[in-house]
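Examining the three-dimensional arrangement
Chain by chain, the residues:
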Amino acid sequence: MSSDLAERQRRVFPGGHFGGFRPPEDLEIVPVRGEGSRVYDHQGREYIDYVLGSGPLVLGHAHPAVVEAVRRQAGLGSTFYMVNEPAIELAELILSALPPGWVLRYCNSGAEATNYALRLARAYTGREKILRFEGGYHGHQDYTIGPASAGIPRAVGETVLVAPFNDLEAAVATIEAHAGELAAVIVEPLQRVIPPVGGFLEGLREVTARHDILLVFDEVVTGFRLAWGGAAEYYGVVPDLATYGKIIGGGYPLAAVAGRPEIVGLTAPGAAGPDRFVFLSGTLNGNPIACAAGLATLRELRRPGTYERLHEVGRRLRTGFAEIARRRGVLLQVLGDGPLAGVYFSPEPIRDQAGIDRSDRARLNRLNTELLKAGVLVNLSAKFYISLAHTDADLDRTLAAFDEALARV
Ligand SMILES: Cc1ncc(COP(=O)(O)O)c(C=O)c1O
């Protein structure tokens, strides 16, 4: 493999990366192959992978069932710009996990899905504003990327209210003060790696329903991951709309917005009337190769015991990290739920973005670098993603590497 790939990437991409996670300068990693829980880089180095393509690869890299499904569909045609068999089968399987009667529309990325969900909510309610939570991430689109990006029209920002996560009283106060203007409240039910405190999601459900405001669960991460029925099933709260991405495309570009038919149905021309019709279409929406990959992935996930295993792996990592930190006398907060885990250097329990902002991020970056050096590929400013391909031996090696890395930082 060409070891000058690292050099070449710096010439063509600003900063030498795609804009998201990047390994530290002195540790450039250009992945050239993934297999199961492993990634191999341009210098032949091997990593246990907890980035997993930022989450889609819940079966691990190049799972045989996904590879076979993609091969087969590629030979049958790559795209039609029309409804196709894998798209129908996948939609049926996705909807079998969601509240009865729901329907969906496909798009290509999680950001598109959240953008469409908010557009649908505005069309359905006839109101313009939305409320999001501080520290929540819903992709690159203008309405929720907030202060993290320049180039957002001020007029767009003026339609967005922000409340702290896990503070029901504050959220209810903001919602009630703006009830007549609010189309939607959008939330990651498990925000990054911060679980919802008891009653928070239930309280959002109650106050939004009371004011005819739509509750949107961004399930791009949690969908088919926390449980087959995602966070809605896991936390027992049913939203009006939900967005899916990552897992449903099995590592190929696919996302969806799903919800009650009277809302998502506004995307069907003729059904809604001209002033409520919501345009939702794209060249590659419902792409058959992505749908075939998603279908193969969801079929594997439906096998008995998969969620038990994913949760067990998550639990083992979280308890392992916490125990190592305790033994070393390091004030480390271990967050996450189910197959998601994250760590922060902080003396206090973390329940919102302010808590994360008070943690020692520089030290976290150093820990990330030490883990990479030890062959553990993870994006600690995001989370540990876990796959069914991670073995108990992988976990033992990861915890040993974590122990040594913690000692060094
Ligand atoms: C909760 C959540 N929503 C939306 C998105 C955006 O998805 P995409 O990167 O596919 O646009 C992400 C991406 O990480 C996410 O974590």
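Cut-offs and rules
Residues numbered from 1 in each chain as written. Predicted model: local features only at pLDDT ≥ 70, side-chain atom pairs only at ≥ 80, totals over all residues. Heavy atoms only, no water. Near = heavy atom within 4 Å. Polar contact = N/O pair within 3.5 Å; in protein donor to acceptor, adjacent residues only side chain to side chain. Areas by Shrake-Rupley, 256 points an atom, 1.4 Å probe, with all protein chains shown as cover. Nonpolar A, V, L, I, M, F, W, Y, C, P; charged D, E, K, R; others polar. Axes fitted to C-alpha atoms, helices over the stretch in contact; angles between N-to-C directions. Helix = DSSP H or I, 4+ residues; strand = E, 2+ residues; numbered from the N terminus. Left-handed = near helix turned anticlockwise from the far one by under 90°. Contact = heavy atoms within 4.5 Å. Parallel < 35°, antiparallel > 145°, perpendicular 65-115°, else oblique. Phe/Tyr/Trp six-rings, centres within 6.5 Å; stacked < 30°, edge-to-face > 60°. Buried < 20%, exposed > 50% of the residue type's maximum accessible area, 1.4 Å probe, protein only. Lys NZ or Arg CZ within 6 Å of the ring centre and 35° of its normal.

Concerning the site of the ligand
- Taken together, the neighbourhood of the ligand is formed by S109, G110, A111, Y137, H138, G139, E188, R192, D218, V220, V221 and K246.
- A distance of 3.3 Å separates a nitrogen atom of the ligand from a polar atom in the backbone of Y137.
- Between the ligand and the protein, one listed contact pairs an oxygen atom with a side-chain N or O atom of K246 at 2.8 Å.
- Burial of the ligand by the protein chains amounts to 82% of its free accessible area of 390 Å².
- Of the residues contributing to the shell around the ligand, the split by class is four nonpolar, four polar and four charged.

Looking at the packing of helix α3 (residues 85-96) against helix α11 (residues 288-301)
- Two elements in contact, α3 and α11, have axes whose closest approach is 8 Å; the angle formed by their N-to-C orientations is 35°. When the axes of α3 and α11 are compared, the crossing they make is left-handed. Along its contact with α3, which presents P86, A87, E89, L90, L93 and I94, the element α11 presents P288, C291, A292, G294, L295, L298 and R299.
- Taken together, the residues that form the contact of α3 with α11 break down as ten nonpolar, one polar and two charged.

Some remarks on the packing of helix α7 (residues 168-177) against helix α8 (residues 200-210)
- Where α7 meets α8, the closest approach of the two axes is 10 Å, and the angle between their N-to-C directions is 15°. One finds that α7 runs roughly parallel with respect to α8. Considering how the two elements wind past one another, α7 and α8 form a crossing that is right-handed. The segment α7 lies against α8, with L168, A171, V172, I175 and E176 engaging F200, G203, L204, V207 and R210.
- The residue makeup of the contact of α7 with α8, split by class, is seven nonpolar, one polar and two charged.

Thoughts on the packing of aromatic side chains
- Under the definition given, this model contains ten aromatic pairs.
- Measuring from ring centre to ring centre gives 6.3 Å for F133 and F165, while their planes differ by 80°; the resulting arrangement is edge-to-face. In this pair, F133 sits in strand β5 (residues 129-133) while F165 sits in the loop between β6 (160-163) and α7, placing the two residues 32 residues apart along the sequence.
- Judged by its relative accessible area of 1%, F133 falls in the buried class.
- For the pair F224 and W228, a centre-to-centre distance of 5.0 Å together with 80° between the ring planes defines the contact as edge-to-face.
- A cation over a ring is seen here: R33 above Y40, with NZ or CZ 4.3 Å from the ring centre.

In short, the description is geometric, and any link to function would need to be established separately.
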